[in-house]
Amino acid sequence: MPLADTVPPPAPTALIAMPGTGSDDDYIRRAFGPASRLLDVELIAVMPTADLIPGFIRALDSAAREHESLLVGGVSIGAVTALRWALDGQSAHAGTGTCAGVLAALPPWSGQPSGSLAAASARLTADAIERDGLDATIATMVSTSPEWLGVELSRSWRAQSRDLVAQLRAASQCVAPTPDEISTLTVPLAITAAVDDPLHPRDIAEEWSAAAPCAEVVDVGLTQWGTDPSVLGTACARAWLRLLVTPAPAPGARRP
């Protein structure tokens, strides 16, 4: 066997992670900081920009130029973007960093966003902000949300206030990878799934996992990760470590 076939890929030196819609890099540091320490890699927490998805892609491309190997991840729309970038990067130009795996927390949908409650929520929130203003929209959200969620979104929405509507609309129109596309993924896919969050259905997490050649889903409850965001990242990190010792499937093969 040629030597090149026996040399393992380089270990990742960074984890770059992106927030969900309306969230920010502060949340990502809390959600993925302990995971990065567990894996002994640098955490790159991406701050969302007004154009959202292109901004995430720019950050991913920049990290790939700086690191020979890296993990990519995120929450909700951040997880969608991480998976899309990993898939696109499999046929990308030489000279960029190698993706060592995807850590996907709370995937919101597959393919087109039509029919997704998360996409509809983003669109309706943008409508409400434009119609009623940010303060009134926050007040309504707080009155109908668990206390921890009201506190978290009040903080992040105000922090993102200038670009929030544009980000919400961009997220609501984002096309996620389809199962057929996910079936071509060549790196481990570690997923944290909410068992009781209608905006991030467990069925979607299972769909992603079933499509990927090498994947694992870890279930967490809404209150569990709501009060301790680090659960999202550490569950993904531990699943990724377990997947590293899973025999690699034949090229193009799906798991049984």
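See the structure shown above.
If you're wondering where the values come from, they're calculated on a predicted model, not measured in any experiment. Residue numbers here run from 1 along each chain, matching the order of that chain's written sequence. Thresholds applied to this predicted model are a pLDDT of at least 70 for local features of residues and 80 or more for the giving and counting of side-chain atom pairs; totals over whole chains, interfaces and linings are not thresholded and use all residues. By convention in this description, side-chain values take in all heavy atoms of the structure and omit both hydrogens and water.

Novice: Which residues make up the pairing of strand β1 (residues 14-18), and what are the values?
Specialist: For β1, the tally of buried residues reaches 5 of 5 residues, placing the bulk of the element in the interior. Burial along β1 is two-sided: Ala14, Ile16 and Met18 facing one way and Leu15 and Ala17 facing the other are all buried. DSSP calls a pair of strands paired once it identifies at least 2 bridges connecting them. Per the convention used, a helix needs a DSSP run of H or I reaching at least four residues, while a strand needs a run of E reaching at least two, with both numbered from the N terminus. Alignment of β1 against strand β2 (residues 42-45), held across 4 bridges, turns out to be parallel. Across the sheet, Ala14 pairs through a bridge with Glu42, a residue of β2. If the strands point away from the viewer and the path from the first strand over the helix to the second runs clockwise, then the crossover is right-handed. Note that the unit made of β1, helix α2 (residues 25-39) and β2 has a crossover that is right-handed. Any residue under 20% of the maximum accessible area for its type is buried, any over 50% is exposed, and the rest in between are partly exposed; the area is computed with a 1.4 Å probe on protein chains only.

Novice: Go over the environment of Pro229, please, and point to the residues and values.
Specialist: Along the chain, the position of Pro229 falls in the loop between α11 (222-227) and α12 (230-244). Relative accessible area serves as the criterion here: at 10%, Pro229 is assigned to the buried category. As for Pro229 and Phe32, which are separated by 197 residues in sequence, their C-alpha atoms are 8.1 Å apart. Should any heavy atoms of two residues lie within 4.5 Å, those residues are considered in contact. When residues no more than four places from it in sequence are discounted, the contact partners of Pro229 are Tyr27, Arg30 and Ala31.

Novice: So, the nonpolar core: which residues are in play, and what are the values?
Specialist: The biggest cluster of nonpolar side chains holds 42 residues, and the ones touching the most others in it are Leu70, Val72, Ile77, Leu83, Val102, Leu189 and Trp208. The greatest single-element share of this core, amounting to 8 residues, is contributed by helix α4 (residues 77-89). Setting aside residues no more than four positions away along its own chain, Ile77 makes contact with Pro19, Gly20, Thr21, Ile53, Phe56, Pro108, Trp109, Ala171 and Cys174. In terms of nonpolar packing, the next biggest core, distinct from the first, is built from 30 residues, Ala190, Cys214, Leu232 and Ala235 among them. Here, the term nonpolar core denotes a set of buried Ala, Val, Leu, Ile, Met, Phe, Trp, Tyr and Cys residues that are joined through side-chain atoms within 4.5 Å.

Novice: Pulling in residues and values, what's your account of the pattern of salt bridges?
Specialist: By definition, a salt bridge exists where a carboxyl oxygen of Asp or Glu is found within 4 Å of a side-chain nitrogen of Lys or Arg. Going through the model one piece at a time under the given rule, you end up with 16 salt bridges. We note a salt bridge from Arg155 to Asp26, for which the minimum N-O separation is 3.7 Å. Here Asp26 lies in helix α2 and Arg155 lies in helix α7 (residues 147-159), a separation of 129 residues in the sequence. Judged by its relative accessible area of 30%, Arg155 falls in the partly exposed class. The exposure class of Asp26 is partly exposed, given its relative accessible area of 28%. The shortest N-O distance in the salt bridge between Arg158 and Asp135 comes to 2.7 Å. Remark: Asp135 occurs in helix α6 (residues 134-143) and Arg158 occurs in helix α7; sequence separation between them is 23 residues.

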